[in-house]
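Topology and contacts: notes
Here are the chains, one letter per residue:
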2 protein chains.
Amino acid sequence: MFSIGEFSKVTGLTVKTLRFYHEQGVLTPSVVDQQTGYRYYAQSNVETACVIRQLRSLDFSLADIRQILSSYDDEADILEYLERRKEAVQEKLRECREIGSSLDQIIAKEKEARAAMKNATFEVEEKSVGAMLIAGVRMKGRYGDCGQGFAQIGKQFGRNICGKAFLLHYDNEYKEDDADFEACIPVRSSVEKGGIEKSGVSVRELSGGRCVALLHKGPYDELGRSYAKIMAYAKEQGFNIETPTREVYIKGPGMIFKGNPKKHLTEIQMLIKE
Amino acid sequence: MFSIGEFSKVTGLTVKTLRFYHEQGVLTPSVVDQQTGYRYYAQSNVETACVIRQLRSLDFSLADIRQILSSYDDEADILEYLERRKEAVQEKLRECREIGSSLDQIIAKEKEARAAMKNATFEVEEKSVGAMLIAGVRMKGRYGDCGQGFAQIGKQFGRNICGKAFLLHYDNEYKEDDADFEACIPVRSSVEKGGIEKSGVSVRELSGGRCVALLHKGPYDELGRSYAKIMAYAKEQGFNIETPTREVYIKGPGMIFKGNPKKHLTEIQMLIKE
DNA sequence: ATACGGCCTCCAGCAGGGGGAGAGTCAATC
DNA sequence: GATTGACTCTCCCCCTGCTGGAGGCCGTAT
C-alpha cells in the first residue's frame, strides 16, 4: 500500500493529478479510509497508472481512458480507439502543417520586403529583368479595382504563384477613371499557357530586357512623384520607353493587416526599346 | 453601424464570440449604448475583425492578438510574433508526429498479430526462415528476466528494430532458475555488426534454414505442452534439431497493456540439422 | 506539548468559447 | 397605442486536464 505521496513518486503522476483521476473515476485507489479520507494505493493500481500514462501520452481523453480501462485489458480490443485517435492526430497534423506553411509564407514575404528595404537607394537604376510566365487579367477602369484581378488570379493559381504581383500600364498618359491596365502575377512554368480563358485570365510569357527602375516608398497615390523622376531620367539618357510599363508590388497590403501605406514599397520598371 | 447580429453575419464570428472578444478587450464595438447595453459596430471594426480572424486562424492566443492589435498595423512589425508562433507550431508538429508514429507502431503490431491469428492452424509446420541481422543479450537465470534484455536492446537500437523479439534457448533441457538464453531483436542492416559491447549487446548475423514451427496460444507457463508437441513431431520425422531453438513473441505484453496472457501468441522454431 | 510534513476538501482559474435562462429593446404592424 | 416577434442584454454553468492556494485534519519525532 502506498500513500498518495508515495504513489505519486512511484508513478510520476502528481498528487493533484491522482486526486483528479480519482474524482473522474479513472484511477480509484484500492482503499480509502472512511475516517480520514486518506487514499491508499495497491500494486495493482501501479499497473493501471502505467496504462493511463501510456494512453495519456497518446493524448487520449480521460473519458476514452475511463471507457478503455473499464472494458479492456488488451491492445487488440482497442484497435478502433487507436485508429480513431490516429485519424484525429492526422487531422491535427494537417492543420498544423497548414498553419505552418501560412506562417512561412508570411514570414518569407516580410523578410524579402525587409531585404529590399535594406538595399534600397530610392534612386533610378538601370538593370535587366528576365522573361517570365505570368497570369494576367486585363482591366479597364480605376486602378483601385485591380484587387479583383489579383484575387481572380490568386483563386485560380493559388499554389502556382511564384513571384510578386505587378501591374502593366498600357496607357501612355495618366488616367484616373478609365485606365487600361493588367493585373499580373508570375506563375510556375508547370502551368499551361493559353489564350484568354472565360474567367478573363491569360497565361503567357512576358519578355524581359534592359530597363530603368525606381523603388517607391509610400502610398500609391504618391506614385506620381516617382513616375516623374524616372521619366525625367529616361529622357535625360535618351531612352525610348516601351509600353506597357510595370509597377511591381514589393510590399503592399499584407495577408493579415491592410498594412501601413507609408511602408508600401513599389518598383516602377520601364523597359528600354533598343 | 451594425448591430451585433448583423456584424456577426458580416464577419462570420458568432454573436457569443463577439461578446467574448469585447469582454476580453480584443474587439471593442465602437459604440455601446449606455442605456440598453447594445453593441454597435462600425466599418473600422470589420477590418479589425478580419485581422483577428486571420490571427486566430494562425492559432494566435487572444492575449497575443490583443497586444498585436494595440501596438501594430503592419506585418513587418510582428515578425517576432510570427516566428515565435512558427516555432510553437513546429513543436506541436513534432509532438503530433511522435504520437502518430507510436500509434502506427501499435496498430501495425496488433494487425500483424491479428493476421497471424487468422492463418494459424496451431499444428506443427515445416517452413524455412531467412537469415537476419540481430541484436542479442545473452543471459543466465530466469526466463522472466528476459524483459531487461529486451529493454536494453530497445534502448540502444530504438528506431532500428525491424522485427519481432525472440528468445534463443541454449539449454537442451528445461531449466527453471539457471537457464541459458539470449534475448534478441532483428535490427536493420544499417546497424554495424560488432562483438559484445560493454552494454552486453552483440550484433551479428543469425543464419536461417529449414525448421519445424508451432504456434502457441496462451500464457508462457503453458509453453511446455507445445514444446512436447513439436519435439514429438521432430522425433517422428527423424529430424535432428539444432541448438539454440527459438521462441518468437508474435504477440506478448503490449506497449499499453500488460496484455491478456490467454491471448499471447508465441512461435516455437527449431532449425533442422541437415 | 509542539512543530513539521503530509493529507484532506473546497474554490478559483487557465483558453476559447458554447448553451441556455430570464429580462429588456427595437421596429413593424394592427 | 398596443402587441408581436425578432434581437439583444447579462449572468451563470459547462467543456478539458489539470494547477494553485486556503484552511483544516492526521501522524510522528523530539
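Each residue is numbered by its place in its chain's sequence as written, counting from 1. Starting at A for chains and at 1 for ligands, labels are handed out in the order in which the entities are written. A pLDDT threshold of at least 70 governs which residues receive local features in this predicted model, and a stricter bar of 80 or more applies before side-chain atom pairs are shown or counted, although totals over entire chains, interfaces and linings include all residues. Side-chain calculation: all heavy atoms of the structure are included, whereas hydrogens and water are not.

1. Looking at the relation of the copies chain B and chain A
All copies are superposed by least squares; the fitting set is the C-alpha atoms of residues with a pLDDT of at least 70 in both. With an RMSD of 0.3 Å, chain B superimposes on chain A once it is rotated by 180° and translated 0.0 Å along the axis. Here the transformation between the copies is reduced to the relation of a two-fold axis. Judged by C-alpha distance, Leu-93 of chain B is the residue of chain B that lies nearest the rotation axis, at 3.1 Å. Whether two residues are in contact is decided by their heavy atoms: any pair within 4.5 Å suffices. Of the residues that chain B buries at the interface, 100% are likewise interface residues in chain A, meaning the two copies contact each other through the same surface.

2. Some words on the protein's contact with DNA strand D
Near is defined per residue: the residue qualifies when any heavy atom it owns lies within 4 Å of the molecule or strand. Contacts to DNA strand D come from 18 residues, most closely from Lys-16 and Thr-17 of chain A together with Ser-3, Arg-19 and Arg-39 of chain B. Here the atoms of DNA strand D within 4 Å of the protein split so that 66% fall in sugar or phosphate, with bases taking the remainder. By the criterion applied in these results, polar contacts are pairs of N or O atoms within 3.5 Å in which, for protein atoms, one can donate a hydrogen and the other can accept it, and in which residues neighboring in sequence qualify only through two side-chain atoms. Between Tyr-38 of chain B and DNA strand D, the recorded distance is 3.3 Å, taken from a side-chain N or O atom to a base oxygen. Only DSSP runs of H or I covering at least 4 residues are called helices, and only runs of E covering at least 2 are called strands; the numbering of each starts at the N terminus. Put simply, the parts of the chain that give the surface near DNA strand D at least two residues each are helix 2 (15-24) of chain A together with helix 1 (4-11) and helix 2 (15-24) of chain B. The leading source of residues in the surface near DNA strand D is helix 2 of chain A, at four residues. Of the residues in the surface near DNA strand D, the class split is six nonpolar, seven polar and five charged. Note on residue classes: Ala, Val, Leu, Ile, Met, Phe, Trp, Tyr, Cys and Pro are nonpolar, Asp, Glu, Lys and Arg are charged, and everything else, Gly too, is polar.

3. Brief notes about the domain arrangement of chain A
Looking at chain A, the domain boundaries give domain 1 (2-73) and domain 2 (120-273). Relative placement of domain 1 of chain A and domain 2 of chain A: their C-alpha centres are 65 Å apart. Here the limits of each domain have been adopted from an automatic or database domain assignment.

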